[in-house]
Amino acid sequence: MKHIVIVGGSYGGLRALKELAEYPNIRITVIDRHPYHFLQTEGYDLIAGKVPFDQTLIGLRSLCSGFGDHITFLHTTAETLEPEHNRLICEDGQVIAYDYIIIAAGAVTRFFESVEGLKGCSYGVKSLRGAFQIKQFFETELYKRLESAKDAKENYNILIGGAGLSGVEIAAEMQAFFNRYYHSNALACGRLHIHLISADPTILYGLHPNVIDRSTQRLKELGVILHTGSPITKVEESCAYLANEKSIPFDFMIFTGGIMAAPFVQNLPFEHNPIGQVKVDAYLRPHGFENIFIIGDAADLKDPNGNPIPPTAQSAEQSGTNAGQNIVALLKRDTLHPANIKMKGLAIALGEEYAILDTGWFQIYGRPAYWVKKMIEKSYKWPLRRLAQRGFKKLVSCHC
Ligand SMILES: Cc1cc2nc3c(=O)[nH]c(=O)nc-3n(C[C@H](O)[C@H](O)[C@H](O)COP(=O)(O)OP(=O)(O)OC[C@H]3O[C@@H](n4cnc5c(N)ncnc54)[C@H](O)[C@@H]3O)c2cc1C
């Protein structure tokens, strides 16, 4: 029986698992350093307190059990890959032999070392722990304002460094949440100010000009303060300094301005790009290894014309499907198919029930776009939840 290992049970790894799970004659091991799949794409709702935290995760042990009895979940951290010996060594000392391995270990926030103080003074949002800490901080601040007239009068500055998709969504949701809270509780005087900083000339730099314009307008209407065209050069405990010599005092700082491959990926003995993602061929394999597939944010993904593909859940999912299907093809001695990953539009949540949907041909704004975004999220989450429930029942009945 062939043994396939998947490192990382998130958007990419789980799509690969879905393809492979259909074959009960393959043994599959999913490894993740967390016992859950964190739904990063819904992180903005978690931070703004719109959904409880259990709605943004899916238990991996139950989920794997739901996929089938030939799948095992290991809650451990992959540490070293020995590609010449087809072995993976984990943090807890386990040595796992494989026939094929899919590496879907994703990326982490890149706190640029060149920016003094950035790492020590700001929080990332790519992990459940980071998003949860921000949510708790935000709620504590709102609570203090409710209890104390003195606190309610004070201005509070939240600074978000990085105005890409995640920075913009978080800024909009937090500001919209605060505005509603402020009005419904008739809080006096003090305001919570959200400063969104972009090193580029605009927010969402590189997206369609209509998307940039409407998002800018929406953020301004909500009251988010935008600082564009100047990178952060230094951060102190309660003040960030920009290249244009502006300084912005803050009480809490979130950084969403960059990613780099997860440490395990960076240490893989393959060729990497400057942010540690592994360079892969058209079939998502590192040069010289036919039984190793690198997918999602861990890989330096390119479209068929060689242009970089942004690290998104949808590119992770497409690469996962491709890797799963190609492993099946290898086992059947069939022809492999190149990845051919395409961006199928983009949906950006911008506070309350307002979103922007860019289909690539046209854009939709407001509530209709919001409902499309929610449908996309639910159509991803619900089937996984159903499988996890089925798996949980199986696990419980085994223990009884
Ligand atoms: C706030 C926010 C909003 C976003 N919104 C969108 C959006 O609307 N649409 C969109 O398409 N994308 C969005 N993204 C981007 C998207 O979330 C990522 O591109 C996506 O999560 C990448 O999936 P992945 O499977 O490659 O990696 P990840 O989701 O990062 O998962 C990697 C997995 O590997 C595990 N892992 C890491 N190292 C190890 C190790 N050594 N051993 C074992 N396990 C390990 C991790 O625990 C994790 O479960 C958003 C991101 C953020 C932060």
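Residues numbered from 1 in each chain as written. Predicted model: local features only at pLDDT ≥ 70, side-chain atom pairs only at ≥ 80, totals over all residues.

A. The arrangement of the site of the ligand in detail. Contacts to the ligand come from 36 residues, most closely from G8, S10, G106, G296 and T312. Of all elements in the fold, only α1 (11-21), β2 (26-32), α2 (43-47), α7 (165-184) and α10 (313-331) reach the threshold of two or more residues within the shell around the ligand. Residue composition of the shell around the ligand, grouped by class: 16 nonpolar, 15 polar and 5 charged. Counting contributing residues per domain, the shell around the ligand is built from domain 1 (2-33 + 76-109 + 259-344) and domain 2 (118-255), each supplying no fewer than three. (Near = placed C-beta within 6 Å. Helix = DSSP H or I, 4+ residues; strand = E, 2+ residues; numbered from the N terminus. Nonpolar A, V, L, I, M, F, W, Y, C, P; charged D, E, K, R; others polar. Domains from an automatic or database assignment.)

B. Local environment of the domain arrangement of the chain. Domain boundaries in the chain define domain 1 (2-33 + 76-109 + 259-344) and domain 2 (118-255). Each of domain 1 and domain 2 has a C-alpha centre, and the two are 35 Å apart.

C. Just α10, in detail. Over its 19 residues, α10 runs 27 Å from end to end, which matches the ideal 27 Å to within 8%, given 1.5 Å per residue. Along α10, the residues that are buried comprise S315, A316, E317, Q318, S319, G320, N322, A323, G324, N326 and I327. For α10, the elements touching its buried residues are β1 (2-7), α1, β9 (100-103), β20 (292-294) and β21 (299-300). Just past α10, the residue R333 takes up positive phi, approximately 55 degrees. (Expected span 1.5 Å × (residues − 1). Buried ≥ 20, exposed ≤ 12 C-beta atoms within 10 Å, placed from the backbone. Contact = placed C-beta atoms within 7 Å.)

D. Representation of the sheet that holds strand β22 (residues 346-349). Taken in spatial order, the 3 strands of this open sheet run β22-β23-β24, and their pairing is antiparallel. Two strands in the sheet have a free side with no partner beyond their single neighbour: β22 and β24 (363-366). On average, each strand axis in the sheet is inclined to that of its neighbour by 10 degrees, with strand direction left out of account. Sheet topology note: the strand β23 (residues 355-358)/β24 ladder contains 4 bridges and is antiparallel. Residue pairing in the sheet places D358 in a bridge with Q363 of β24. The strands touched by helix α8 (residues 209-222) within the sheet are β22, β23 and β24, with β23 carrying the most contacts at an inclination of about 180 degrees. (Pairing = 2+ DSSP bridges. Axes fitted to C-alpha atoms, helices over the stretch in contact; angles between N-to-C directions.)

E. View of helix α5 (residues 128-147). Here α5 is 20 residues long and its end C-alpha atoms lie 28 Å apart, about the 28 Å a rise of 1.5 Å per residue gives. Restricting attention to buried positions, one finds in α5 the residues G130, A131, I134, K135, F138, L142 and R145. Taken around the axis of α5, the buried residues stretch over an arc of 135 degrees, which confines them to a single face. Along α5, exposed side chains directed more than 90 degrees from the buried face belong to R129, T140, Y143 and E147. Check the buried side of α5 and you find it contacts α2, α6 (149-153), α7 and β17 (252-255). (Arc of directions from axis to C-beta.)

F. Expanded view of the packing of α1 against α10. Two elements in contact, α1 and α10, have axes separated by 7 Å at closest approach and are oriented at 30 degrees. The chirality of how α1 crosses α10 is right-handed. Note on element contacts: α10 touches α1 through A313, A316, E317, S319, G320, T321, A323, G324, Q325, I327 and V328, opposite Y11, G12, G13, L14, R15, A16, K18, E19 and L20. Taken together, the residues of the contact of α1 with α10 break down into 9 nonpolar, 7 polar and 4 charged. (Left-handed = near helix turned anticlockwise from the far one by under 90°.)

G. Seen up close, unusual backbone geometry. Even without glycine at this site, L284 takes up a positive phi of about 70 degrees. For L284, the position within the fold is in the loop between β19 (278-279) and β20. Judged by local crowding, L284 falls into the buried class, with 27 C-beta atoms found within 10 Å.

H. The sheet that holds strand β8 (residues 95-97), seen in detail. With antiparallel pairing, the 3 strands of this open sheet are ordered in space as β6-β7-β8. Lying at the two open borders of the sheet, with one neighbouring strand each, are β6 (78-82) and β8. Neighbour-to-neighbour, the strand axes of the sheet open up by a mean angle of 25 degrees, direction not taken into account. Where β6 and strand β7 (residues 87-90) come together, 4 bridges link them in antiparallel fashion. Note that in β7 the partner of T80 across the bridge is I89.

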